[in-house]
Amino acid sequence: MTISQSAAQADRPNGDVIMELDDTSVEFGMSRGRSRVLNGVDFEVSRDEIVGVIGESGSGKSMFASAMLDAVPEPGVTTGDVTYYPEDDDPVSVTDLSKEELRRFRWEEVSMVFQGAMSSFNPVLKIRTHFVETLSAHDYNVERGLERVRELLEDLYLEPERMLESYPHELSGGMKQRVLIALSLVLDPEMLVMDEPTAALDLLMQRSIISLLHDIQDKHDLTIVFITHDLPLVANLADRLAVLYAFEFAEVGPADDILEDPAHPYTRALLNATPNLSAPLEEMRPIEGESPDPVNIPEGCSYHPRCPIADEMCRSHDPDAYDAGADHDVHCHHWEDSIENIDNALASSGSMDRSRRTAADRSADEEPVVSLDDIEVEFGSENDGLLDFGDSEIVTAVDGISLDIYQNDVVVLVGESGCGKTTLGKTAVGLQQPTDGTIEYKGRDIWEGSGNSSTLADKEIRRALQIVHQDPGSSLNSHHRVRTILETPLKRWHSDLDGNDRRERILGMLEYVGISPPEDYIDRYPHQLSGGEKQRVALIRAMLINPDLILADEAVSALDVSLRVSTMDLMIELQDVFNTSYLAISHDLSNARYFAEKTGGRIGVMYLGELVEIGSPEQIIHDPKHPYTQALRWATPELDRDEDIDDNPMRTIDVPDQTNMPSGCRYHTRCPKAREVCRTQKPELIDRSDEDGVQHTACFRALEDHEYWDSEPIAEEPPAAEETGSAD
Amino acid sequence: MKPSEDPSDDATDPRAGASIDEFVPDRPDDATDGAADSATAVRSDGGTVDADSPFETTASVAETRTDRVDRFFEEYIRTPWSILRTDWRALAAFAILGTYILIATVGVYLIEPTESAHGPQLLGVFETWEFPLGTTSSGKDVLALAVHSTPSILVMMASGAVFTVVIGSFFGVVAGYKGGMVDTVLSTITDVFINIPGLPLVIVLAMLLEEWINNPVALGVLLAVAAWAGLARSIRSQVLTIRSESFIEAARAMDLPTRWILLREIIPHLLPYIVVNMMNAARRVIFAAVALYFLGVLPFSDANWGVMLNNAYNAGALYRTSAIHWLLVPMIAITGIAIGLILLAQSLDQVFNPRIRARHQDLGDDDQIEPDSETDTKDMMNV
């Protein structure tokens, strides 16, 4: 079903279409030629539906959103027809609107929620002012508008009065994002375009917002276009899915069809490349190759360079939409073929050895490489009298964690942002001095003899503990070439090598991690590398000095979905070569599961500075004992659409204030199973290991004869406005 | 450094295997040294790739001094030059500043110093070829005065600018990176200098150091004595943001010396800012010097643009058209050098920008890879 109408003034093509794009392109003139960041797209959005638009970074998905509102930034040029069909009025051609009409159209008919909630608010204005400004700019009655605002905020589980009187910095990221959604709905638009609205948020918050969207959509008769790179996130939410690849739609269809029976090879590959909790590891494989450059889109089908079933036809002819079922369009010449053969083709093109390692036996007497004992890290200043007029405000980021990491071990820390997982990781590799407790490297205290200095005194220990950062953009110095970046550790630790030796070694490493031709890459600057390449260079930099433990701080979460699996595979492969241990940090349980299960490691779940559960991935994923782990498990989106997404297992959405920690078990303020005893007593880690794997849980429910079972339940009410999420 | 040895005996060279073994994990089949000959593939460019581990790769050709010199030239001379060559501002700046330097070095020998009653009084511009820029009211040659004051002005300017930038950057970078007690001490010193009123301090110091003041280097430093503090403050705040970047943490994790981190990791990010400030400092030194000569605070010992201005002013050049050239010549000289410095600062900005450097690097082949495809597009799309 391609779109047959072209003129905007024509009758509406179908009673229930709200927005129609016909042969819409967005172009940017660049010194290297014209860059087509949206390439002749035809698309229809139906009234009251939720469309999920999925694409990797640089696939043109943000441009698609901007084109719908004719909001492409200068000097971009939008061509083609974008037509908006109001419910009971004449169709509007969005591209022909005057400035004033566009201004009205943009908030009152179609509104947009952007990715960066942090920067969408003016920090010196109260939240109320943001709402009042929006209302008065559109000549709405402010009083009545604020009534609606209160209602909206309440629907989003926010306290209206407190929110309106707050400044943006007083709200957490999740609250800001919800206020932003309320702000976009304040003029009662017909359609909401959301560009990665949850990308900067935690899994739990993402999931909570997604389930709120469902209610909001029902209540306000909204049409939602949800743009994201994260396929599982929208899998449950969307009625229809559209997959963007290289500035064009690869496949559009009902969500069930796309997920269960994708016809385009790219969709298939994308589904396989997405780490999730249920699929066997063997089925996850990366997509080879990279997305094309907008200046230089391949001839014919844009996916053919990466497609395993591409033939002559694909190289020469750009496929039009093929009808693959009701409402299901696919831009592939071989879509019928693809359903049958693609998995085989993909399987044979996968070159990596995918044998899964078995969990190494950890005998009790084996000496750990790094051993953390009762670590405590505090931030903030104590009021040190004279000349310090501030309040003493101490945040305990890590509170009494003990953890042993063995040789060739993998421990993945999982938790919400602010739970102290990064602080714990940095403490473990000696980049953060603990306030209390000791860290031992092969039996030696790593901070011994360092005094007050911020670096470790023992240089051998310093070498043995390395780090790979989250953001590939800032982990490499943008002013140095790859050669200089990689030469630095060699110069420091292998001073016997001369310039040619270093060059050869770097070339060899680059080739080993699949960056080729290495001679070409060695003289590049970081900005000339893609995200995945940067992350591999950062990984090599840490590996070149052969550390015993590498802290991988969200090492894959900034990468595209199609690159995550391959990067994790590379890390695992390098571990085999080097006998390195990893302490990985992730907010994403599915990545953690892939990494830990493939290496036979452990997953540790952190909550507010404490380790609440640790164990083998099988146990943590399939048999979580701690209610918080269960909540994380719930929050991890699945490709399986049958799951019910509405029952949030937590009593409140927001994390308690860190300067004022809850007493007893810290999770009791959100735990659905909390009882009175949890308020006062703090559970220790309880060993629940059995023949299936190791597991330690800090919850009274793990004990069969505990007074917990006789205690009164705390609350049975549904998720309420945040009683604990005070940010004062 | 080790001398270049016969490249063919690489595999048996003990250096190739043994020294790195301690860092490389033990492999069960440790039959490297002897068998390496057959197992390693020789790369086209002379290196070897061990099939098993790229971590043991060493070059078969030892690095020579020429290689290093060549690399140095490529990095610090050829690439910057190829960037500057295409920029008119750089060429104009080089032309202007080159002229001044020529005047200061060669010009002083070509044009004789002048004295009172050297020629007729207040001769106009281009009236005779003996005094092309005219004469003063005491019959001195204006051109000779202007030319002979150039060397000391240039030296003073350079010493003042270098002093400002070196002290300012040192205080700023160290205070910002080290934090804690070091930061407190250095920042306090900086604040003291910010709060001392600059002009009175210079005047007082000029009185106290009278016998030094005729040395242009000392004078330049004296004039910049209060100028570095502002630079130190702003550099410190920039370092505060840079030091929290991941690559600095990675450098600390690799145990790179603090000196290295400051010089190689942090300073490159600040160089555009530092250079612009250096040029500004140079300009300010000239202006300050001219102003102080004009005010009569500094002794009139030497020929100087500021002294010329003062004399012209006293001779009533503001309202006597016959003396106007006496005022204009030093003014043009000052403006010219200021423009040259500004243009140079603007064009040097490009040399430090890695994106522009990348476009100019000599990759040795014609089909250069597209440099910043994605990022350019992203910048454009405001993503």
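Along every chain, residues carry numbers that run from 1 in the direction the sequence is written. The lettering of chains begins at A and the numbering of ligands begins at 1, in the order of writing. Per-residue local features are limited, in this predicted model, to residues with pLDDT of at least 70; the limit for side-chain atom pairs, both in listing and counting, is 80 or more; totals at the level of whole chains, interfaces and linings are taken over all residues.

## A short note on the overall build of chain B
Helix numbering and strand numbering both begin at the N terminus, where a helix is a DSSP run of H or I of at least 4 residues and a strand a DSSP run of E of at least 2. For chain B, the count of helices and strands is 15 helices and 2 strands. Each residue is classified by how many other C-beta atoms fall within 10 Å of its C-beta atom, where C-beta atoms are placed from the backbone; a count of 20 or more means buried, 12 or fewer means exposed, and values in between mean partly exposed. In chain B, which comprises 383 residues, the proportion classed as buried is 35%. Here, residues touch in the contact sense if the C-beta positions derived from the backbone fall within 7 Å of one another. Pairs at least 24 apart in sequence give 66% of the contacts found in chain B among residues at least 6 apart.

## Structural notes on the overall build of chain A
Across its full length, chain A carries 24 helices and 24 strands. Counting every position in chain A, which comprises 728 residues, the buried fraction comes to 52%. Considering only contacts within chain A whose residues lie at least 6 apart along the sequence, 69% involve residues at least 24 apart.

## Details of the nonpolar core
In these notes, a nonpolar core means any group of buried Ala, Val, Leu, Ile, Met, Phe, Trp, Tyr and Cys residues linked to one another through C-beta atoms within 7 Å. By size, the foremost hydrophobic cluster in this structure holds 276 residues, and its most contacted members are Phe226(A) and Val285(B). Those residues in contact with Val285(B), other than ones at most four positions away along the chain, are Met156(B), Met157(B), Gly160(B), Ala161(B), Gly220(B), Leu223(B) and Ala224(B).

## Re the environment of Asp409(A)
All names here are of chain A. For Asp409, the position within the fold is in the loop between strand E14 (395–405) and strand E15 (410–414). Residue Asp409 is classed as buried on the basis of its 23 C-beta neighbours within 10 Å. Spatially, the C-alpha atoms of Asp409 and Ser98 are 62 Å apart, while their sequence positions differ by 311 residues. What Asp409 contacts, discounting residues up to four positions off in sequence, is Ser581 and Gly601.

## Section: the sheet that holds strand E8 (residues 223–228) of chain A
Residue and element names in this part refer to chain A. In space, the 8 strands of this open sheet follow the order E6-E7-E8-E3-E9-E10-E12-E11, with mixed pairing throughout. Whereas interior strands pair on both sides, the edge strands pair on one side only; in this sheet they are strand E6 (110–113) and strand E11 (322–323). Sheet topology places strand E10 (residues 248–254) next to strand E12 (residues 329–330); 2 bridges connect them, and they run antiparallel. Note on E12: the bridge partner recorded for Val252 is Asp329. Strand pairing requires that DSSP identify at least two bridges connecting the strands.

## Observations regarding the pairing of E8(A)
Residues and elements named next belong to chain A. Burial within E8 is extensive, with 6 of its 6 residues counted as buried. Burial along E8 is two-sided: Thr223, Val225 and Ile227 and Ile224, Phe226 and Thr228, pointing in opposite directions, are all buried. Here strand E3 (residues 50–54) runs beside E8; their pairing, made up of 5 bridges, is parallel. Following the sheet pairing, Ile50 is matched in E8 by Ile224. Sheet topology places strand E7 (residues 191–195) next to E8; 5 bridges connect them, and they run parallel.

## Concerning the domain arrangement of chain A
Residue and element names in this part refer to chain A. Split by domain assignment, chain A resolves into domain 1 (17–238), domain 2 (259–349) and domain 3 (370–380 + 393–479 + 525–710). Computed from C-alpha coordinates alone, the two centres of domain 1 and domain 2 are separated by 29 Å. Of the residues lining the interface, 13 residues belong to domain 1; the matching set on domain 2 comes to 9 residues. Top contributing element to the side of domain 1 that touches domain 2 by residue count: strand E2 (residues 33–46), with 5 residues. Domain start and stop points were drawn from an automatic or database domain assignment.

## Regarding the sheet that holds strand E19 (residues 549–553) of chain A
Residues and elements named next belong to chain A. The strand order E18-E19-E20-E15-E21-E22-E24-E23 describes an open sheet built from 8 strands, whose pairing is mixed. Each edge of the sheet is formed by a strand with only one pairing partner; in this case those strands are strand E18 (465–468) and strand E23 (686–687). Note on geometry: axes are C-alpha line fits, over the in-contact stretch for helices, and angles between N-to-C directions span 0 to 180 degrees. In the packing of helix H21 (residues 589–599) onto the sheet, contacts are made with E15, strand E20 (581–586) and strand E21 (602–607), and the angle to E15 comes to roughly 165 degrees.

## Points about unusual backbone geometry
Residues and elements named next belong to chain A. The phi angle at Asp70 is positive, at roughly 50 degrees, despite the residue not being glycine. You can see Asp70 is positioned in the loop between helix H1 (61–68) and strand E4 (77–84). The phi dihedral of Leu608 is positive, around 45 degrees, even though this residue is not glycine. In this structure, Leu608 sits in the loop between E21 and strand E22 (610–615).

## Side note on the environment of Glu367(A)
Residues and elements named next belong to chain A. Here Glu367 shows up in the loop between helix H12 (335–349) and strand E13 (370–379). The exposure class assigned to Glu367 is exposed, which follows from the 11 C-beta atoms found within 10 Å. In sequence terms Glu367 and Arg285 are 82 residues apart; their C-alpha atoms lie 35 Å from each other. Excluding residues within four positions of it along the chain, Glu367 makes contact with Lys442 and Gly443.

## What about the packing of helix H19 (residues 531–543) of chain A against helix H20 (residues 561–578) of chain A?
Residues and elements named next belong to chain A. H20 packs onto H19 with a crossing angle of 15 degrees between their chain directions and a minimal axis gap of 11 Å. When the axes of H19 and H20 are compared, the pair comes out roughly parallel. Of the two possible hands of crossing, H19 and H20 adopt the one that is right-handed. For the pair H19 and H20, the contacting residues are Gly532, Gln535, Arg536, Leu539 and Met543 in the first and Leu563, Thr567, Leu570, Met571, Leu574 and Phe578 in the second. Oblique is the label for any angle not covered by the other classes, which are roughly parallel (under 35 degrees), roughly antiparallel (over 145) and roughly perpendicular (65 to 115). By convention the crossing between two helices is left-handed if the near helix lies anticlockwise of the far one by an angle smaller than a right angle, and right-handed if it lies clockwise.

## Examining the confidence of the model for chain A
The predicted coordinates ought not to be read in detail in places where the model reports low pLDDT. Residue and element names in this part refer to chain A. Of all residues in chain A, 88% attain a pLDDT of 70 or more, and the chain-wide mean is 80. Predicted confidence is poor over residues 1–12, with pLDDT under 50, and the contacts of this stretch with residues over four places away or in other chains come to 24 contacts. Confidence per residue, as judged by the predictor, is encoded in pLDDT with a range of 0 to 100. Scored below 50 in pLDDT, residues 349–364 shows 17 contacts in the model against residues more than four places distant or in partner chains.

## Things to note about the confidence of the model for chain B
Residue and element names in this part refer to chain B. With 77% of its residues at a pLDDT of 70 or more, chain B shows a mean pLDDT of 76. For residues 1–51, every residue scores under 50 in pLDDT, and the model assigns this stretch 53 contacts once sequence neighbours within four places are set aside. Overall, residues 363–383 carries pLDDT values under 50, and its contacts beyond four positions in sequence, including any with other chains, amount to 32 contacts. Scored as a complex, the prediction yields pTM 0.77 and ipTM 0.76.

## What about the environment of Val370(A)?
All names here are of chain A. Position of Val370 relative to the elements: it lies in strand E13. Looking at Val370, the number of C-beta atoms within 10 Å reads 26, which means it is buried. Residues Val370 and Ile467, 97 residues apart in the sequence, show an inter-C-alpha distance of 14 Å.

## Some points on the pairing of E18(A)
All names here are of chain A. Residues of E18 alternate between two faces, with Leu465 and Ile467 on one and Gln466 and Val468 on the opposite face, all of them buried. Relative to E19, E18 runs parallel, the two sharing 4 bridges. Bridging from a neighbouring strand, Ile467 pairs with Leu551 of E19.

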